[in-house]
Number of protein chains: 4
Amino acid sequence: MQLPAPPPRSFASDNAAGAHPAVLDAVVRANDGHALAYGDDPWTRRCESAFRDLLGDVTTLLTFNGTGANVLALASLLGPADAVVCSDWAHIATDETGAPERILGVKLIDVPTTDGKLVPDQLDDLAHLLGQVHHAQPGVVSITQSTELGTVYTIDEVAALCDRAHRFGLTVHLDGARIANAAAALGGDIAALRAFTVDAGVDVLTFGGTKNGILGGEAVVYLRPELARRALYLRKQVTQLPSKLRFLAAQFLALLEGDRWLQLAQHANEMAMRLYRATDGLPGVAHPAPPVVNSLFPVLHPELLAPLRDWSFFWDWDVARHQVRWMTAWDTTDDDIAALADGVRSAAEQLEITSVAT
Amino acid sequence: MQLPAPPPRSFASDNAAGAHPAVLDAVVRANDGHALAYGDDPWTRRCESAFRDLLGDVTTLLTFNGTGANVLALASLLGPADAVVCSDWAHIATDETGAPERILGVKLIDVPTTDGKLVPDQLDDLAHLLGQVHHAQPGVVSITQSTELGTVYTIDEVAALCDRAHRFGLTVHLDGARIANAAAALGGDIAALRAFTVDAGVDVLTFGGTKNGILGGEAVVYLRPELARRALYLRKQVTQLPSKLRFLAAQFLALLEGDRWLQLAQHANEMAMRLYRATDGLPGVAHPAPPVVNSLFPVLHPELLAPLRDWSFFWDWDVARHQVRWMTAWDTTDDDIAALADGVRSAAEQLEITSVAT
Amino acid sequence: MQLPAPPPRSFASDNAAGAHPAVLDAVVRANDGHALAYGDDPWTRRCESAFRDLLGDVTTLLTFNGTGANVLALASLLGPADAVVCSDWAHIATDETGAPERILGVKLIDVPTTDGKLVPDQLDDLAHLLGQVHHAQPGVVSITQSTELGTVYTIDEVAALCDRAHRFGLTVHLDGARIANAAAALGGDIAALRAFTVDAGVDVLTFGGTKNGILGGEAVVYLRPELARRALYLRKQVTQLPSKLRFLAAQFLALLEGDRWLQLAQHANEMAMRLYRATDGLPGVAHPAPPVVNSLFPVLHPELLAPLRDWSFFWDWDVARHQVRWMTAWDTTDDDIAALADGVRSAAEQLEITSVAT
Amino acid sequence: MQLPAPPPRSFASDNAAGAHPAVLDAVVRANDGHALAYGDDPWTRRCESAFRDLLGDVTTLLTFNGTGANVLALASLLGPADAVVCSDWAHIATDETGAPERILGVKLIDVPTTDGKLVPDQLDDLAHLLGQVHHAQPGVVSITQSTELGTVYTIDEVAALCDRAHRFGLTVHLDGARIANAAAALGGDIAALRAFTVDAGVDVLTFGGTKNGILGGEAVVYLRPELARRALYLRKQVTQLPSKLRFLAAQFLALLEGDRWLQLAQHANEMAMRLYRATDGLPGVAHPAPPVVNSLFPVLHPELLAPLRDWSFFWDWDVARHQVRWMTAWDTTDDDIAALADGVRSAAEQLEITSVAT
């Protein structure tokens, strides 16, 4: 099949994108002579300060990646014999190769959800485990914002979950690998970020950098600093202490500077909406719903799957339903979107597909 | 006390140095559009190939830092109820905040050494544990090359240890955070590197990048590829799978290109020797021995300690003996050395110190 | 409310029963002077031999309790980054306070079932995880026989599961806390036991003693002895090596002697059937199904719950449906059954309940 | 070689002895109908009360064996990133097959001692690790009383260690597998036991039953009950919750009744002293020191080793010095001692040994 040129930037994932030029530039500028390792440097101190400007009286530790950030955050919260309650779609439960179980020795209690979002009543159902000696004791609730399914908890939903969790004596961890996309979707300013985190009662969050335009790195932000009491030791123990920490701090400084984190995420979200508009109704393409953040989960006509994927890679989502995932990034352009739409149209035409998928 | 300008690059540590310009340049060039994450990219494939050029039919996985690399390597080697035998100075035993114990659930049997180097007879002494149900079973011998004390195993010493270990059914892990400095000291070419690793019988090694001029990263190299059977899963499980792996691969490509890794280490070693020559015999400074690699452990006159450290930071080594550590890096210059020597002279003069430390 | 005398032996659980007189007698006889500890004694050797008589060329290790036995068995089977597949009702997943996660660092993939029984197609669904680096790799299938819901896998069902598991490269663990009750239900002789274990392809099983008339203890039986290669070390490492092992071996010898294990389980099963017949149709009592082994899950009229439980304790099963669990044991008598039935009748009469529960 | 009849009860170990008749009798009496499992029974409640009579306002949990008891006790004390400080002879470090490392993920910092006893200054040496991010943080000091070398901490020594530990913010665990022998050696009454435990500042201890005349079992006693907050869950999680707990409680009740635990230990200690007197000065036997508790470590003439061991088994202690261990038990008799002495004399005579070993 002959298809037009594929989009220069694929829709495979936001972590297929590279780094924003300002981030790279910050790394280059930080490469200025010697600086003590392990965080005893001015970049790290400025970065800690920048997170306090963003979120208030918080303690921030930088880590290498999302799995490491989640493991560190949970390690800081978990007490003896505690379990973690999460959605059955949670990244910690499904996509971290059992890292939490191995490193933390912890049971994850994964609760069925259709949209990746826990609701307070599910905590009520689990509360009967509290005090029963034969059961790991729910100690932490972990939510993902935005979720693995591209949905977003409203501010009130997070607040209600935190309230219920705290009433049962549980703490709340927010996996924010795409927290910027959620903030962009929920108001698009810092007030929005604060509303669904510190104001809502979240105890510890991870603040994603990798999927939002840096080379790689995540921040663990303790919204209640007393929870960070052992965090420095734990970060090293779970292998997440970078040696030349200044280079990671410099990246986050560039990301936080001038609210760049928010602008990049807003752009990615907006591009997902444009991609939705550009492809919804195309022959062989059915979008179950418009995007909330930067991911789309279209159902494709089965004959479209192989040729389109060969042409510009994307991941399967639900093979049985021939549903796939298209994801935009901080650097997605209108040209990329037009190129994808053109490719779809061209492939459908050649395959004589005229209707939507199912 | 009035002292001359301190050295622009301190002697605190080789991980206080930044990245070599060619490394940074490689990162910038790798930031070229989209590439699939988690290693499915051309940089990673080229990097794997470069390690095969260097060491033969090996499997290589990149990781974030030294603790992560060691944990991954050991995770690949350890069987049920196995223990790790190491020197009492081993980084895994003393400087990783118990990461091996926590993540691997493994006992480290740390054997007393004076120079950080295990000898084969120490394995004989431990062999009586084999087959005894009340003891964790020695399964892996871990050595560090060059060692935490700045010493280097000769090629024959590594070979003899590997031979003895294999005879008892143990495998051998080499912590190569400063493997380049060892290669530089043992011949200064690739043949030397091969001689004390693959030829000597080492099973798995880590190949350090962080302390040798990159932004941060270590390679785990399986010299017997069958040991890597589960390594991809384990890397993710121990939180050491980078998302945008191309940026780490690009750094290692720049490091391996044109034997840069070797030149940088040779430079650091040579600078340590020059620092030794420039300061040995200065009032208040006594070097127990000339350097083998890039670290010196001078004993300082006690009154020199505080003013010199305030002036240009370095770490204590043995407080009781007022012994400190001076470490050179890939970027140490003759001017740095001259500046340190000037500072020592000036401080000694002002303090009217005329003899060596003890 | 005035009720007749409660049953001397309650229907709370089979582990509320004591030990069979022959078991106690064996302990008393084993208390004969000195014997080396940790299994180097004649009782332990005879016990190992007795299990070989029962199940063929097997290796058997005794342990203290069911959680310990399961942890040891799984520790012997699990490879690096492996996960355990089990039913969502599995004891290892729901009733062991996270011991497998903590001690083995393993992820349990618990699959929804309505009757506590896995089916081969569920393994097909999980096979897509194999080879994917972001997922813990299914390595062991764990089934319970008889299940936590009082159901029993047929011989063919176990064989089909083992076959499918092995085809995917997984091993099979059978949690046999009530294996004797299953053997009694599936034929009532040793051939039946062999048919659904060694003949069906199970790799490792636990053989329960505690719930079948001994003071306390479980056997881990390796049906493929090569899987026991590290088992002696692992038993000690997971805290399950008894010091004076002879006393545990003596109990199992008494249990295996003359097929007592089978007779006791047959009795318990038969008593459950008699209890079913004696109470089915009583006012306020509805049995969803007749018992297969030694447990009944009647739905009670809500007003009956509190007075009956106060009178003779039993456990809730599904509070929302006011379903409870009645369990018979090796020592349940017809008088106990008659007493329970009388109590139900008397309570129902006083509460003027005339129909069944729902 | 022809030797007289060996001693009916060997000197191999105190865990080679059986159970005291009163203990067995208690088990038989506890086998009286049904009782709820997992500790909800009158025997367990009486046992908890008996420990309060012994040691004050304590919380007591029974476990199966020494490794399990130590693991549970440490699990209750350890915080995130904590390490355990112990002697290099500590059972937890040398004889538990790495159970603490595996189950607790904890680093043991084993400090060299000549007599198995830690001294407060060793804690000072370790205090420099506190606050250093690269080191597991000393959190618990673990001592053994009486020690693995048959020595005993004086009351003042324990108090001084506890005081120093607490000053650094560490808690103190006492491994009391042979705590009764220590109490017997330090005064022989309950006041002595209290003096070196609760009065001295110990936080948690294990109280050994197995080596002092029961079938098998150890108690974990929390001298500060707030440390037991999660202990019930942890006991289950580390596989140490017995199902039919009444049978273990009954054994401890018999052991505590009328101070039987103290009498049995006093007897064992006294027998060791008599064995010392009966064999010291015999040809080929040299005792480095008289016994403090129930173990002797004689150096034997090398030619005596094999024939004597074949005749009546005992364990090597230091093969290089041909030093062995002879251990008395609660049931050792004067006839046993006389028989051993006769055997030694006869063997020495036949081998024409006239002097002591070295």
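Asks: When you look at the overall build of chain A in this model, what are you seeing that I'm missing?
Replies: When helices and strands are tallied, chain A shows 14 helices and twelve strands. Taken over the C-alpha trace, chain A has a radius of gyration of 21 Å; the compact-globule value for 358 residues is 21 Å, and the two agree within 12%. Summarising the internal contacts of chain A: among those between residues at least 6 apart in sequence, 75% fall at separations of at least 24. Accessible surface for chain A amounts to roughly 11900 Å². Of this, 51% is attributable to carbon and sulfur atoms. Taken as two groups, the 27 positive and 43 negative side-chain charges of chain A have centres that lie 8 Å from each other.

Asks: Even after reading the chapter, I still don't get the state of the cysteines, so can you show me in this structure?
Replies: Covalently bonding the sulfur atom of one cysteine to the sulfur atom of another cysteine gives a disulfide. Scanning the entire structure with this criterion turns up zero disulfides over all chains. A:C86 forms no disulfide, and the closest cysteine sulfur to it belongs to C:C86, at a distance of 15 Å. In this structure C:C162 is a free cysteine whose sulfur lies 15 Å from that of C:C86, the closest cysteine sulfur available.

Asks: Explain the sheet that holds strand β2 (residues 82–87) of chain B to me, please; I cannot follow it from the model alone.
Replies: Residue and element names in this part refer to chain B. Strand order across the open sheet formed by seven strands is β1-β7-β6-β5-β4-β2-β3, with mixed pairing between neighbours. Each edge of the open sheet carries a strand with a single partner, namely β1 (59–63) and β3 (107–111). Each adjacent strand pair in this sheet contributes to an overall mean axis angle of 25°, direction not counted. Of the strand pairs in this sheet, β2 and β3 are connected by five bridges, and their pairing is parallel. Paired with V85 across the bridge in β3 is I109.

Asks: Got a minute to help me understand the packing of aromatic side chains in this structure?
Replies: The description of an aromatic ring pair rests on the distance of the ring centres and on the angle between the ring planes. Residue and element names in this part refer to chain A. Counted under the stated rule, the structure contains 30 aromatic pairs over all chains. With 4.8 Å between their ring centres and 90° between their planes, F313 and W315 make a pair best called edge-to-face. Under the relative-accessibility criterion, W315 is labelled partly exposed at 43%. Members of the aromatic cluster, each reached through a chain of ring pairs, are F51, F207, F252 and W261. Sitting over the ring of Y153, K117 keeps its end group 5.8 Å from the ring centre.

Asks: Sorry if this is basic, but what is going on with the sheet that holds strand β6 (residues 204–208) of chain A here?
Replies: Strand pairs in the sheet, formed through backbone hydrogen bonds, run parallel or antiparallel to each other. Residues and elements named next belong to chain A. Spatially, the seven strands line up as an open sheet ordered β1-β7-β6-β5-β4-β2-β3, and their pairing is mixed. Only two strands of the sheet have a single partner each, and these edge strands are β1 (59–63) and β3 (107–111). Neighbour to neighbour, the strand axes of the sheet diverge by 25° on average, direction disregarded.

Asks: It is not clear to me how the pattern of salt bridges should be interpreted in this structure. Could you clarify?
Replies: Where charged atoms of side chains with opposite charge meet at close range, the side chains can pair. Scanning the entire structure with this criterion turns up 68 salt bridges over all chains. Between A:K107 and C:E101 there is a salt bridge, with its nearest N and O atoms 2.7 Å apart. Pair noted here: A:K107 is in strand β3 and C:E101 is in helix α5 (residues 99–104), and the two residues belong to different chains. Across the pair D:D336 and D:R9 runs a salt bridge whose closest N-O atoms are separated by 2.8 Å. Here D:R9 lies in the segment before α1 (21–30) and D:D336 lies in helix α14 (residues 334–350), a separation of 327 residues in the sequence. The exposure class assigned to D:R9 is partly exposed, which follows from its relative accessible area of 21%.

Asks: Got a minute to help me understand the relation of the copies chain B and chain A in this structure?
Replies: Two copies of one chain are present, and they are related through a rotation about an axis combined with an axial shift. Overlay of chain B on chain A (RMSD 0.0 Å): rotation 180°, translation along the axis 0.0 Å. As the rotation angle and translation indicate, the two copies are arranged about a two-fold axis. Judged by C-alpha distance, B:I103 is the residue of chain B that lies nearest the rotation axis, at 2.5 Å. When the interface residues of chain B are mapped onto chain A, 100% of them are again interface residues, pointing to one common binding face.

Asks: In this structure, what is going on with the packing of helix α2 (residues 42–55) of chain A against helix α11 (residues 245–256) of chain A? I would like to understand it.
Replies: The relative placement of two packed helices is expressed as an angle between their axes plus a distance between the axes. Residue and element names in this part refer to chain A. Axis separation between α2 and α11 bottoms out at 8 Å; the angle between their running directions is 35°. In this structure, α2 crosses over α11, and the sense of that crossing is left-handed. Residue-level inspection shows W43, T44, R46, C47, A50, F51 and L54 of α2 in contact with α11, the latter providing L245, R246, A249, A250, F252, L253 and L256. Here the contact of α2 with α11 is composed, by residue class, of eleven nonpolar, one polar and two charged.

Asks: Got a minute to help me understand the interface of chain D and chain C in this structure?
Replies: Interface size is commonly expressed as the accessible area that is lost once the parts come together. Tallying the contact residues gives 55 residues for chain D and 55 residues for chain C. Area buried by chain D at its contact with chain C is led by D:H34, D:R102 and D:K244, which between them contribute 19% of it. At the surface where chain D touches chain C, the tally comes to zero salt bridges. Viewed at the interface, chain C and chain D are joined by 38 residue pairs in polar contact (both at pLDDT 80 or more).

Asks: Explain the packing of α1(D) against helix α11 (residues 245–256) of chain D to me, please; I cannot follow it from the model alone.
Replies: Residues and elements named next belong to chain D. At a closest axis distance of 8 Å, the pairing of α1 and α11 adopts a crossing angle of 140°. Judged by the angle between their axes, α1 and α11 are oblique. Read as a crossing pair, α1 and α11 show a hand that is right-handed. For the pair formed by α1 and α11, the contact residues are A22, V23, A26, V27 and A30 on the first element and R246, F247, A250, Q251 and A254 on the second. The class makeup of the residues in the contact of α1 with α11 is eight nonpolar, one polar and one charged.

Asks: How should the interface of chain B and chain A be read in this particular structure?
Replies: Taken together, the contact between chain B and chain A spans 55 residues of the former and 55 residues of the latter. Between chain B and chain A, a total of about 4200 Å² is buried, with carbon and sulfur atoms accounting for 55% of that surface. Where chain B meets chain A, there are zero salt bridges. Across the contact surface, chain B and chain A share 38 residue pairs in polar contact (both at pLDDT 80 or more). Of all the secondary-structure elements, those providing two or more residues to the side of chain B that touches chain A are α1 (21–30), α3 (66–77), α5 (99–104), α10 (231–237) and α11 (245–256) of chain B.

Asks: When you look at the pairing of strand β12 (residues 323–327) of chain C in this model, what are you seeing that I'm missing?
Replies: As a general feature of sheets, a regular strand has side chains that alternate between the two faces. Residue and element names in this part refer to chain C. For β12, the tally of buried residues reaches five of five residues, placing the bulk of the element in the interior. Burial along β12 is two-sided: Q323, R325 and M327 facing one way and V324 and W326 facing the other are all buried. Where strand β9 (residues 295–296) and β12 come together, two bridges link them in antiparallel fashion. Counterpart to L296 in the pairing with β12 is W326.

Asks: Explain the environment of D:P298 to me, please; I cannot follow it from the model alone.
Replies: Residue and element names in this part refer to chain D. Within the element layout of this structure, P298 appears in the loop between β9 (295–296) and β10 (299–300). C-alpha separation for the pair P298 and V27, spaced 271 residues apart in sequence, amounts to 37 Å. Discounting chain neighbours no more than four positions away, the residues touching P298 are V285, A286, H287, P288, H322, Q323, V324 and W326.

Asks: So what exactly am I meant to see when it comes to the relation of the copies chain D and chain C here?
Replies: After a rotation of 180° and a shift along the axis of 0.0 Å, chain D superposes on chain C with an RMSD of 0.0 Å. Of all interface residues in chain D, 100% are interface residues in chain C too; the two copies therefore contact each other through one and the same surface.

Asks: Looking at this model, I keep getting lost on the side chain of B:R102. Mind explaining?
Replies: If you trace the backbone, B:R102 turns up in helix α5. Although B:R102 lies buried, it forms no salt bridge, and the closest oppositely charged side chain, D:D82, sits 9.6 Å away as judged by the N-O distance.

Asks: I'm lost on unusual backbone geometry in this one. Help?
Replies: For residues that are not glycine, phi is negative in most cases, and the peptide bond is trans in most cases. Residue and element names in this part refer to chain C. A cis geometry characterises the amide bond from Q145 onward to S146, with omega recorded as -15°. One can find S146 in the loop between β4 (137–144) and α7 (155–167). Phi at A81 takes a positive value of approximately 70°, unusual for a residue other than glycine. Structurally, the position occupied by A81 is in the loop between α3 (66–77) and β2 (82–87). The class for A81 is buried, based on a relative accessible area of 4%.

Asks: What is the right way to read the environment of A:F313 from this model?
Replies: By secondary structure assignment, the location of A:F313 is in the loop between α13 (302–311) and β11 (315–318). Measuring from C-alpha to C-alpha, the distance between A:F313 and A:A12 comes to 5.8 Å, with 301 residues separating the pair along the chain.

Asks: Please explain the pairing of strand β11 (residues 315–318) of chain B as it appears in this structure.
Replies: Residue and element names in this part refer to chain B. Across three bridges, β11 lies against strand β12 (residues 323–327) in antiparallel orientation. Bridge pairing in β12 places W315 opposite R325. Between β11 and β12, which pair antiparallel and follow one another directly, the connecting turn spans four residues, one of which, H322, has a positive phi of 40°.

Asks: How should α2(A) be read in this particular structure?
Replies: Residues and elements named next belong to chain A. Taking 1.5 Å of rise per residue, 14 residues should cover 20 Å, and α2 covers 20 Å from first to last C-alpha, within 8% of that figure. When we look at burial in α2, the residues that qualify are W43, T44, C47, A50, F51, L54 and L55. Seen end-on, α2 carries its buried residues on one side only, within an arc spanning 115°. Just downstream of α2 lies G56, where phi reads positive at about 100°.

What counts and what doesn't
Residues numbered from 1 in each chain as written. Chains lettered and ligands numbered in written order. Predicted model: local features only at pLDDT ≥ 70, side-chain atom pairs only at ≥ 80, totals over all residues. Heavy atoms only, no water. Helix = DSSP H or I, 4+ residues; strand = E, 2+ residues; numbered from the N terminus. Rg over C-alpha atoms; globule rule 2.2 N^0.38 Å. Contact = heavy atoms within 4.5 Å. Areas by Shrake-Rupley, 256 points an atom, 1.4 Å probe, with all protein chains shown as cover. Lys, Arg positive; Asp, Glu negative; His and termini not counted. Charge placed at Lys NZ, Arg CZ, Asp CG, Glu CD. Disulfide = S-S within 2.5 Å. Pairing = 2+ DSSP bridges. Axes fitted to C-alpha atoms, helices over the stretch in contact; angles between N-to-C directions. Phe/Tyr/Trp six-rings, centres within 6.5 Å; stacked < 30°, edge-to-face > 60°. Buried < 20%, exposed > 50% of the residue type's maximum accessible area, 1.4 Å probe, protein only. Lys NZ or Arg CZ within 6 Å of the ring centre and 35° of its normal. Salt bridge = Lys/Arg side-chain N within 4 Å of Asp/Glu carboxyl O. Least-squares fit on C-alpha atoms with pLDDT ≥ 70 in both. Left-handed = near helix turned anticlockwise from the far one by under 90°. Nonpolar A, V, L, I, M, F, W, Y, C, P; charged D, E, K, R; others polar. Buried area = accessible area lost by both parts, 1.4 Å probe. Polar contact = N/O pair within 3.5 Å; in protein donor to acceptor, adjacent residues only side chain to side chain. Parallel < 35°, antiparallel > 145°, perpendicular 65-115°, else oblique. Expected span 1.5 Å × (residues − 1). Arc of directions from axis to C-beta.

Honestly, that's just the spatial picture; any functional story needs more than this.
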